[in-house]
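# Notes for the structure review
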2 protein chains.
Amino acid sequence: MELSGNYLFADIAKKVQAFKEENPEANVISLGIGDVTQPLCPAVVEALHKAADEMGQTATFRGYGPERGYDFLRNAIVENDYRARGIDIDAEEVFVSDGAKSDTGNFQELLSDECVVAVTDPVYPVYVDSNVMAGRRIVKLPCTAENSFVPGIPGERVDVVYLCYPNNPTGTTLTKDQLKKWVDYALRNDVLIFYDAAYEAFIQSENVPHSIYEIPEARRCAVEFHSFSKTAGFTGVRCGYTIVPKTLNVPLNRLWSRRQCTKFNGTSYLSQRAAEAIYTPEGKKQIRATIAYYMENARLMRETLTGMGFTVYGGTDAPYLWVKTPSLTPAPAPKGEGSSWRFFDWMLHSAHVVCTPGAGFGPSGEGYVRLTAFGTHEATMEALQRIKNKL
Amino acid sequence: MELSGNYLFADIAKKVQAFKEENPEANVISLGIGDVTQPLCPAVVEALHKAADEMGQTATFRGYGPERGYDFLRNAIVENDYRARGIDIDAEEVFVSDGAKSDTGNFQELLSDECVVAVTDPVYPVYVDSNVMAGRRIVKLPCTAENSFVPGIPGERVDVVYLCYPNNPTGTTLTKDQLKKWVDYALRNDVLIFYDAAYEAFIQSENVPHSIYEIPEARRCAVEFHSFSKTAGFTGVRCGYTIVPKTLNVPLNRLWSRRQCTKFNGTSYLSQRAAEAIYTPEGKKQIRATIAYYMENARLMRETLTGMGFTVYGGTDAPYLWVKTPSLTPAPAPKGEGSSWRFFDWMLHSAHVVCTPGAGFGPSGEGYVRLTAFGTHEATMEALQRIKNKL
């Protein structure tokens with residue numbers, strides 16, 4: 001069994017909690033878990049107030065919503081995230097949920113237990129854990145500096161591949177050409193791609209696709225997961241969506257509909273109205289400003305850490321930086337096996353900064369830590385200064 | 001495969017939609033799906049506004065919450081739903097979720113596929129569908145007028161029993177003595193009880209338990225599901241909770257924690273603050289008034305339908321009435337097999353009233369329909385009048 005006893009971030013939270021209890025005076029800064037710090041934008045807050053008032057009046061009260069989401073939100077998603085980019089997606093292919101973690105965790109229920117599942121290594125733990133719980137075999141595709149974090153096509157038969165781009169945890173991307181190779185491989189070999197686009201809003205480069213459906217043939221082989229968590233600070237609001245094309249070679253649209261209608265009862269009306277608000281002109285402007293704020297953090301982190309002698313990947317089209325730990329001179333943590341957890345400990349105990357040890361994302365994550373750009377400017381700058389002082 | 005192509009209520013919604021399209025002038029009244037009509041109470045709306053404002057300010061913004069729920073809500077649940085009744089439940093045993101349907105649907109993931117699962121018949125479809133999807137064998141325990149809707153102990157080895165009391169769909173209850181027999185059986189035979197207490201807030205009778213843990217030994221064999229959907233009109237807000245005692249004979253608390261941390265990312269902060277508000281003195285008073293409103297509907301429905309010659313069960317400690325269709329004289333629908341769907345059609349086409357055909361809840365539901373007391377007074381009275389006129 002490849003399943004560890006605890007969920008990675010629950011383990012980290014425990015270690016941080018223990019440190020805080022021993023050092024109650026320490027001002028711990030978290031650049032670890034990918035949680036946001038900036039508040040909901042005014043357009044979203046206004047939508048929440050309006051929805052709360054509606055729910056308090058008989059005439060406008062809403063009970064059970066459609067299991068797959070309200071049309072007002074599904075249509076806004078189709079128009080803004082797809083048609084505006086020239087992609088043909090129908091509202092019947094959109095499934096609104098309480099977040100991409102639920103969907104990426106639950107979607108594997110539609111697979112036979114015999115399916116072989118490929119994931120990148122390092123990887124967001126949910127893809128692996130949810131499939132291992134179901135007893136499926138996992139094939140790992142190493143992504144390291146040696147292959148510029150571009151996974152190679154599996155050397156053996158697999159049935160499903162999870163791809164997350166911009167990538168969590170490495171912050172790296174695939175170009176449209178690189179992604180097209182995966183779509184071509186999937187179609188030739190009857191493989192399903194589960195594409196996690198949770199971080200697409202952070203893309204700055206022209207040649208990096210926001211959706212796998214920018215490659216039109218992907219409509220036959222790919223399911224795409226989206227989150228409002230990082231796009232609009234919805235980590236505490238809970239809303240995301242999944243695209244399950246009706247044109248897939250297997251009838252997953254119908255099966256996912258049956259699954260969701262049976263084991264899910266729709267997303268909070270308030271969360272759906274909140275999500276709708278980010279597609280208004282004001283909402284768009286406001287969330288773009290917040291994303292620019294985080295990407296300015298990312299830029300400063302890249303520059304500052306590089307200046308300190310670290311080798312840094314990611315952080316240009318994603319809110320994550322993937323920092324090589326052994327390149328550090330003089331090395332604050334022992335090199336070799338376990339170095340990412342030891343660097344985590346050093347960061348926490350010396351600089352009072354929380355990172356995520358790369359090994360927690362898989363064996364190829366060893367020798368790296370993940371830093372997030374989701375802190376406040378002030379805390380991020382302070383964390384960088386502390387790391388510098390302790391080197 | 002015992003899984004029907006569609007979820008029951010999705011099927012009904014389609015039939016109703018088709019009728020409405022053919023009869024756009026018809027004023028269809030739904031006493032079918034168990035959705036509520038009364039708005040959120042003022043204490044809840046106030047809590048939602050407060051939470052929305054908090055989320056709009058950096059200083060009070062909340063990102064990812066604890067996967068198992070915020071302490072403020074878990075503690076309120078423990079104090080009000082358990083300790084106030086003399087039941088010893090710890091906050092670490094409370095798992096807050098986006099609703100009881102998600103939890104009752106997902107909890108079976110902790111079971112081996114070889115487990116044999118007993119359910120009452122008729123039954124809330126989620127217990128059956130989620131287990132059939134996992135390939136488990138189902139044993140049905142008939143509940144009919146003949147056994148006063150009290151299921152008999154299974155005649156063969158089963159591993160898990162789902163019990164829902166007050167019952168959906170029949171609206172009937174178990175006394176404390178009757179429930180104790182199930183707990184004793186479960187402990188003697190190493191059986192798990194999954195107890196769905198979604199309707200406990202509607203209990204009026206003294207000898208009907210609100211929680212299975214009123215039988216103290218149940219802490220060793222029972223998991224309990226709760227919903228705020230009907231208690232406080234949260235069908236569109238999405239919040240519920242599940243109690244997984246640490247004292248169970250199998251370590252389900254740890255396993256459910258691992259499952260939720262992996263595949264779920266916590267319940268909306270706004271929904272949790274809304275749920276907390278129902279435990280304030282004002283909140284309690286307000287939701288009690290709404291429950292009294294629905295139970296007055298139930299009383300009037302019972303009396304009126306009985307007066308028309310129907311045989312009616314439930315509706316005294318539950319918002320559901322279970323109405324025998326063949327007892328009707330003169331019979332508007334053919335008797336025998338299929339009568340509950342035919343009576344559904346008659347109700348829809350003649351009286352423009354939506355009920356739920358008993359057969360949709362299982363074979364022993366044939367010959368009955370479920371009516372809910374969740375309509376407005378006005379619509380409920382109007383529906384009864386129309387049925388009377390069409391008899």
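Moving on to the domain arrangement of chain A. Residue and element names in this part refer to chain A. As far as domains go, chain A holds domain 1 (8-39 + 283-390) and domain 2 (43-280). Distance from the C-alpha centre of domain 1 to the C-alpha centre of domain 2: 26 Å. Counting residues at the interface gives 31 residues for domain 1 and 35 residues for domain 2. For the side of domain 1 that touches domain 2, the secondary structure elements donating two or more residues are helix H10 (281-307), strand S9 (311-314) and strand S10 (320-324). A class-by-class count of the residues in the side of domain 1 that touches domain 2 yields 14 nonpolar, 13 polar and four charged.

Here the focus is the interface of chain A and chain B. Contact residues are listed per partner, giving 47 residues for chain A and 46 residues for chain B. Every element with two or more residues in the side of chain A that touches chain B is listed here: helix H2 (42-55), helix H4 (100-106), helix H5 (125-133), helix H8 (252-263) and helix H9 (269-277) of chain A. Counting residues per element, the side of chain A that touches chain B draws most heavily on H2 of chain A, at six residues. Considering only residue class, the side of chain A that touches chain B consists of 19 nonpolar, 20 polar and eight charged.

So, about helix H3 (residues 71-82) of chain B. Residue and element names in this part refer to chain B. Along its 12 residues, H3 runs 15 Å from first to last C-alpha, staying within 8% of the 16 Å computed at 1.5 Å per residue. Looking at H3, one finds that the buried residues are Leu73, Arg74, Ala76, Ile77, Val78, Asp81 and Tyr82. Looking at the buried residues of H3, the elements they touch are strand S2 (94-97), strand S8 (240-243) and helix H9 (269-277).

Remark on secondary structure: sheet strands pair via backbone hydrogen bonds, oriented parallel or antiparallel. All names here are of chain A. Taken in spatial order, the four strands of this open sheet run S9-S10-S13-S12, and their pairing is antiparallel. Edge positions in the sheet fall to S9 and strand S12 (356-357), since each has one partner strand and no second. Here four bridges tie S9 to S10, and the two strands are oriented antiparallel to one another. Bridged to Tyr313 within S10 is Trp322.

All names here are of chain A. Compared with the 20 Å implied by 1.5 Å per residue over 14 residues, the 20 Å span of helix H12 (residues 377-390) between its first and last C-alpha is a close match. Every buried residue of H12 is accounted for by Thr380, Ala383, Leu384 and Ile387. In a view along the axis of H12, the buried residues occupy a sector of 95 degrees, so they form one face of it. Along H12, exposed side chains directed more than 90 degrees from the buried face belong to Glu378, Gln385 and Asn389.

What counts and how
- Residues numbered from 1 in each chain as written.
- Chains lettered and ligands numbered in written order.
- Predicted model: local features only at pLDDT ≥ 70, side-chain atom pairs only at ≥ 80, totals over all residues.
- Domains from an automatic or database assignment.
- Contact = placed C-beta atoms within 7 Å.
- Helix = DSSP H or I, 4+ residues; strand = E, 2+ residues; numbered from the N terminus.
- Nonpolar A, V, L, I, M, F, W, Y, C, P; charged D, E, K, R; others polar.
- Expected span 1.5 Å × (residues − 1).
- Buried ≥ 20, exposed ≤ 12 C-beta atoms within 10 Å, placed from the backbone.
- Pairing = 2+ DSSP bridges.
- Arc of directions from axis to C-beta.

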